[in-house]
Amino acid sequence: MTPELAHDLKASVRTIPDYPKPGIMFRDITTLLGDPRAFRRAVDELVHPWAGSKIDKVAGIEARGFIIGGAIAHQVSSGFVPIRKKGKLPHACVSMSYALEYGTDIIEMHVDAIAPGERVILVDDLIATGGTAEGAIKLLRQTGAEVVAACFIIDLPDLGGAAKLRGMGVPVRTLMEFGGH
Ligand SMILES: O=P(O)(O)OC[C@H]1O[C@H](OP(=O)(O)OP(=O)(O)O)[C@H](O)[C@@H]1O
Ligand SMILES: Nc1ncnc2[nH]cnc12
């Protein structure tokens, strides 16, 4: 990615101070998504390393991971699998508990969504502590999936999520970093 493109993509993300609570700088990707050139370039850049390789499924994390993940699945001609918060999927599910800032929550995926050995890219808009993505990787591996990579538009490196995933043996691709929370 050229420095110019990296700069333009980062400039297309809007920051909302003190949302959803005081002290949080909320990185709002709706402005990137609403810019046709930025949206296309972000999707193209995220999947660039896997262009031409066989990807069976893209797994997107609710909710913003559905938007990016759907576009990436189309780009690599793979299927798309939603990973959702507990109780939202209609068929039998596999579940995984994951760490939140305070406490835990549960994510789910349909039990038959991925066959053993399928090559999967995990997608979300942003990685912070990595708790959500860590839970998703455990869920995918429980079904026998090979997690080829995890892709995020935004990394908050001070929170350590990307390092955590790399420690799990998953290559991580992100397009920009913001300091702090
Ligand atoms: O790396 P982590 O510390 O786990 O945080 C990252 C997650 O937080 C945000 O989702 P959120 O929980 O706000 O859910 P939403 O997309 O449904 O609003 C973001 O879209 C990631 O899924
Ligand atoms: N700072 C942030 N902006 C947007 N989404 C987030 N999810 C966790 N931290 C976030």
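In this text, all values refer to a predicted model and were calculated from it rather than measured experimentally.

Draft legend 1. Summary view of the overall build of the protein. Tallying secondary structure elements over the protein gives six helices and nine strands in all. For 181 residues, the compact-globule estimate of 2.2 N^0.38 gives 16 Å, and the protein sits close to it at 16 Å. Over its C-alpha atoms, taken along the principal directions, the protein stretches across nearly 40 × 40 × 30 Å. A buried classification covers 44% of the 181 residues belonging to the protein. Accessible surface, the protein as shown: approximately 8,600 Å² in total, 55% of it carbon and sulfur. Once the 20 positive and 21 negative side-chain charges of the protein are each reduced to a mean point, those two points are 2 Å apart.

Draft legend 2. Summary view of the sheet that holds strand β3 (residues 57-61). Reading across the sheet, the seven strands line up as β5-β6-β4-β3-β7-β8-β9 and stay open at both edges, with mixed pairing between neighbours. With partners counted over all chains shown, the strands left at the sheet margins are β5 (93-99) and β9 (172-177), one partner each. For this sheet, the mean angle separating the axes of adjacent strands, direction not counted, is 20°. Bridge analysis of β3 against strand β4 (residues 79-85) gives five bridges, and the strand direction is parallel.

Draft legend 3. Summary view of the site of ligand 1. D124, D125, T129, G130 and T132 are the nearest of the 13 residues found near ligand 1. Between K85 and ligand 1, the recorded distance is 2.9 Å, taken from a side-chain N or O atom to an oxygen atom. Contact between ligand 1 and T132: an oxygen atom at 2.5 Å from a side-chain N or O atom of the residue. Look at ligand 1: alone it shows 500 Å² of surface, and the protein chains cover 72% of it. Assessed atom by atom at 2 Å from the grid points, ligand 1 resides in the largest pocket. Among the elements that take part in the shell around ligand 1, strand β7 (residues 119-127) stands out by supplying four residues, more than any other. Taken together, the residues of the shell around ligand 1 sort by class into four nonpolar, four polar and five charged.

Cut-offs used in this document
Residues numbered from 1 in each chain as written. Chains lettered and ligands numbered in written order. Predicted model: local features only at pLDDT ≥ 70, side-chain atom pairs only at ≥ 80, totals over all residues. Heavy atoms only, no water. Helix = DSSP H or I, 4+ residues; strand = E, 2+ residues; numbered from the N terminus. Rg over C-alpha atoms; globule rule 2.2 N^0.38 Å. Buried < 20%, exposed > 50% of the residue type's maximum accessible area, 1.4 Å probe, protein only. Areas by Shrake-Rupley, 256 points an atom, 1.4 Å probe, with all protein chains shown as cover. Lys, Arg positive; Asp, Glu negative; His and termini not counted. Charge placed at Lys NZ, Arg CZ, Asp CG, Glu CD. Pairing = 2+ DSSP bridges. Axes fitted to C-alpha atoms, helices over the stretch in contact; angles between N-to-C directions. Near = heavy atom within 4 Å. Polar contact = N/O pair within 3.5 Å; in protein donor to acceptor, adjacent residues only side chain to side chain. 1 Å grid on protein atoms, 1.4 Å probe; cavity = no way out; pocket = protein on both sides within 12 Å on 5 of 7 lines; lining within 4 Å. Sits in = over half its atoms within 2 Å of the grid points. Nonpolar A, V, L, I, M, F, W, Y, C, P; charged D, E, K, R; others polar.

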